[in-house]
Amino acid sequence: MRSTLERPPAHVCSAFGGLDDVCEPLPGSTAWRCGDLVLKPVTDKAKTLWTARALDYIAEPGLRVAKPVGSSDGRWIVGGWTASRFVAGTPGHRGDESVLAAVKLHRATLGLPRPEFLTARRDVDAIADRVAWAELEVPLEETKGGRWFEVLAGARRPIRLPSQVAHGELLAGLLFDGDAAPGLVDFVPYYRPGEYGAAIVAVDALAWGGATRELLERWAHLPEWPQLLLRAVLFRLASNALNPRSTQASLDGLRVAAREVSGVL
């Protein structure tokens, strides 16, 4: 993996139409801002190419999308780097706006095909997602979320909604800038019902964003909402239990989310 201090080479900046002498690192990231461009080092070529095509596909006026920028010869990746337009803003705890952004996003991505690289994913979150949807069984550490998972899993019922590309990390990735539309700068895809992405946003907001059960109730009109919320909290519980670096604070937040979700089942 590249160092967070590695600067994009001059020929890379030039290929994407940027100037290397005005580049500065973005805090907490391996990315660099070069004027109106953001350059990111590529660690997964297949996911990077898919993300570029997905963000390029999205046409939704309710979202400020960090559109990918191709090189002068049409490539999305040059010298191990990719580029997109800069989107201003910072993450924020705006539960309802984030759920609404998820709803808009998943309506805008209905036509995207299932990413081929999803089948080969074996990371913690990919495994946790399959466990939550009863496609895989693995032991879960009881003291790190496994016990709550066991208690809630029995409430799963079939969900009769079509699968599509759904964002699994939207709350953490949205950028807010005053009254401007939320900014979308990345896409972490799963292939589930679109409203699953909104349910993950709601569970994350309960666990770590200060939201209350009223957030769940305000979006109860979404199809299969209680069952999607259940899958979302099971997903997060399984991920926490499987992650060797998970913390007590993350589990405490998930306990709150689990209690609130159980109250709407």
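Everything here concerns the structure above.
Residues numbered from 1 in each chain as written. Predicted model: local features only at pLDDT ≥ 70, side-chain atom pairs only at ≥ 80, totals over all residues. Heavy atoms only, no water.

Participant: What am I meant to see in the overall build of the protein chain here?
Facilitator: A count of helical and extended segments in the protein chain gives 10 helices and 11 strands. At 19 Å, the protein chain has a C-alpha radius of gyration in line with the 18 Å of a compact globule built from 265 residues. Seen through its principal axes, the protein chain has C-alpha atoms that stretch 55 × 35 × 35 Å. Buried positions account for 48% of the 265 residues belonging to the protein chain. In the protein chain, of all internal contacts separated by at least 6 residues, the share reaching a separation of at least 24 is 74%. Of the roughly 12,600 Å² that the protein chain leaves accessible, carbon and sulfur atoms contribute 53%. Within the protein chain, one finds 31 positive and 31 negative side-chain charges whose respective centroids are separated by 3 Å. (Helix = DSSP H or I, 4+ residues; strand = E, 2+ residues; numbered from the N terminus. Rg over C-alpha atoms; globule rule 2.2 N^0.38 Å. Buried < 20%, exposed > 50% of the residue type's maximum accessible area, 1.4 Å probe, protein only. Contact = heavy atoms within 4.5 Å. Areas by Shrake-Rupley, 256 points an atom, 1.4 Å probe, with all protein chains shown as cover. Lys, Arg positive; Asp, Glu negative; His and termini not counted. Charge placed at Lys NZ, Arg CZ, Asp CG, Glu CD.)

Participant: What am I meant to see in the pattern of salt bridges here?
Facilitator: Note that side chains of opposite charge can pair when their charged atoms are close. Following the criterion strictly, the structure yields 13 salt bridges and no others. When the shortest N-O distance is used, the salt bridge between Asp-96 and Arg-218 registers 2.7 Å. Taken together, the residues Asp-96 in helix α3 (residues 95-108) and Arg-218 in helix α8 (residues 213-218) connect sequence positions 122 residues apart. One network of salt bridges, in which partners are shared, links Asp-129, Glu-135 and Arg-192. (Salt bridge = Lys/Arg side-chain N within 4 Å of Asp/Glu carboxyl O.)

Participant: Would you explain the state of the cysteines in this entry?
Facilitator: Here a disulfide denotes one covalent bond, and it connects the sulfur atoms of two cysteines. Evaluation of the coordinates by the stated rule reveals one disulfide. Residue Cys-23 pairs covalently with Cys-34 via a disulfide, S to S 1.9 Å. On the sign convention where negative is left-handed, the bridge of Cys-23 and Cys-34, at about 110 degrees about the S-S bond, is right-handed. Pair noted here: Cys-23 is in strand β1 (residues 23-25) and Cys-34 is in strand β2 (residues 32-34), with a separation of 11 residues, a long-range link. Of the two residues examined, Cys-23 and Cys-34, each falls in the buried class. Cys-13 takes part in no disulfide bond, and the closest cysteine sulfur to it belongs to Cys-23, at a distance of 3.8 Å. (Disulfide = S-S within 2.5 Å.)

Participant: Would you take a moment to explain the packing of aromatic side chains for this structure?
Facilitator: Counted under the stated rule, the structure contains five aromatic pairs. The interplanar angle of 50 degrees and the centroid separation of 6.4 Å between the aromatic rings of Tyr-196 and Phe-235 together place this pair among those described as tilted. With Tyr-196 in helix α7 (residues 194-208) and Phe-235 in helix α9 (residues 225-242), this pair connects stretches of sequence that are 39 residues apart. Judged on exposure class, the residue Tyr-196 and its partner Phe-235 are both buried. Three or more aromatic residues joined by ring pairs form one cluster here, namely Trp-133, Tyr-190, Tyr-196 and Phe-235. For the cation-ring pair, Arg-33 lies above Phe-86, with the distance from its terminal atom to the ring centre recorded as 3.6 Å. For the cation-ring pair, Arg-231 lies above Trp-133, with the distance from its terminal atom to the ring centre recorded as 5.1 Å. (Phe/Tyr/Trp six-rings, centres within 6.5 Å; stacked < 30°, edge-to-face > 60°. Lys NZ or Arg CZ within 6 Å of the ring centre and 35° of its normal.)

All we've got here are geometric facts, nothing functional implied.
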